[in-house]
Amino acid sequence: MVKQRKYVVKKPFQGLPKKSDFEIVETELPPLKDNEILVKTEWVSVDPYLRAYNSRYPVPYDQFSYQVGVILESKSAKYPVGKRVVSHKGWCDYCILDTVPTKEFTKMVYLLPDMQGISPSVGIGAAGMPGNTAYFGLLELCKPKEGETVVVTGAAGAVGSLVGQIAKIKGCKVIGFAGSDAKVQWLEKELGFDKAFNYKTVDVNKALKEAAPKGVDCYFDNVGGEISSIIINQMNDYGRVAVCGAISAYNEDPTKIPKASILQPALVFRQLKIEGFLVWRWGERWTEGVTQLITWIKEGKLKAREHITEGFDNIFDAFVGMLNGENTGKAVVKI
Ligand SMILES: NC(=O)c1ccc[n+]([C@@H]2O[C@H](COP(=O)([O-])OP(=O)(O)OC[C@H]3O[C@@H](n4cnc5c(N)ncnc54)[C@H](OP(=O)(O)O)[C@@H]3O)[C@@H](O)[C@H]2O)c1
């Protein structure tokens, strides 16, 4: 018998999640049934959507998220013992996975692709869900062309840092906004962003006008709120906006959603296209994205920085730390 420890959300989050909103529950895992595998978790992801989706799930619920683990026991021929697997089983140290294929993203299970020597943790980062979010969101919705100006917010995070680098690969001028001077330095000096700003200390309107005097063609929006209205108001004719996330509002009271300046004049008179998306839209093309991302990482064109926290007991701190901007790159926990 294997004992599992898992995080259960027992109270709906109000504002920033609290440790007391969770309970660590210990249970004995049952014997495997046909098509099931027993997995020892190695890496767990902490992501903004865990906060954003909280209101959709009645408590108590097991805290979901992507994770990578190694197969200890198998009743599925396609999932042999010793291989690694990506699933959405979240914050637990062991789990049983049903390997019957499904289109439901919360039940998605797949063998970790050949990482070509890259850490398996990148399979839940730059070569996983956040990677595909950047890849498909930018290329399919913003459709950046060589020489165009691309702006990204949340620029030093898991998705944003990849968006900027992919835009550079496509020959664009890239401007990023992030929440600290150290992040700004990293974006400009290590990732090759043409310009980056600390949105907490600059006048965003003025800074962007100076950095993009000819206007903005593509905006990859990770944060929402007033900064996005400012950026969208500086877009060129036929500009494209991919709305990926709204982290600036995730901890806000849903009955008092923050207000931002209206966008309609810019949308109409600049004939902009603005489209929200969920990465699952490209579920059928998942492998294509992951394969390209791994190739770019191996070629040295994409840096997949991680912000690693150690220990099952520290997952909550890693989660809240990420919401507070402590991470540069993808926030993951080594179990
Ligand atoms: N649509 C999809 O399918 C999809 C998929 C994945 C992610 N997303 C979205 O993409 C965004 C980024 O996700 P990620 O996984 O890459 O996370 P991340 O950027 O690695 O981490 C979150 C970052 O958000 C920033 N942040 C926190 N509060 C903020 C605020 N009030 N205003 C502006 N920035 C704030 C912090 O950086 P700073 O220090 O810069 O503030 C923090 O590091 C999120 O909105 C997420 O929901 C969407």
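Each remark here, short or long, concerns the structure printed above.
Residues numbered from 1 in each chain as written. Predicted model: local features only at pLDDT ≥ 70, side-chain atom pairs only at ≥ 80, totals over all residues.

Side-chain alternation along strand S7 (residues 94–98) places Cys-95 and Leu-97 on a buried face and Tyr-94, Ile-96 and Asp-98 on a face that remains uncovered. Sheet analysis places strand S3 (residues 36–45) next to S7, joined by five bridges and oriented antiparallel. Note that in S7 the partner of Glu-36 across the bridge is Asp-98. (Buried ≥ 20, exposed ≤ 12 C-beta atoms within 10 Å, placed from the backbone. Helix = DSSP H or I, 4+ residues; strand = E, 2+ residues; numbered from the N terminus. Pairing = 2+ DSSP bridges.)

Turning to the packing of helix H2 (residues 129–142) against helix H8 (residues 286–298), a few remarks are in order. Put simply, H2 and H8 touch, their axes get as near as 9 Å, and they point 100° apart. One finds that H2 runs roughly perpendicular with respect to H8. Along the contact surface, H2 presents Gly-131, Asn-132, Tyr-135 and Phe-136, while H8 presents Trp-286, Gly-289, Val-290, Gln-292 and Leu-293. When the residues that make up the contact of H2 with H8 are grouped by side-chain class, the tally is five nonpolar, four polar and no charged. (Axes fitted to C-alpha atoms, helices over the stretch in contact; angles between N-to-C directions. Parallel < 35°, antiparallel > 145°, perpendicular 65-115°, else oblique. Contact = placed C-beta atoms within 7 Å. Nonpolar A, V, L, I, M, F, W, Y, C, P; charged D, E, K, R; others polar.)

A few words now on H2. The first and last C-alpha atoms of H2 sit 18 Å apart over 14 residues, in line with the 20 Å expected at 1.5 Å per residue. Of all 14 residues that make up H2, eleven are buried, and the element is covered over most of its length. Considered for burial, the residues of H2 that qualify are Met-129, Pro-130, Gly-131, Asn-132, Thr-133, Ala-134, Tyr-135, Gly-137, Leu-138, Leu-141 and Cys-142. (Expected span 1.5 Å × (residues − 1).)

In this section: the sheet that holds strand S4 (residues 61–62). Strand order in the open sheet made by the three strands is S2-S1-S4, with antiparallel pairing throughout. At either margin of the open sheet sits one strand with a lone partner, and together these are strand S2 (22–29) and S4.

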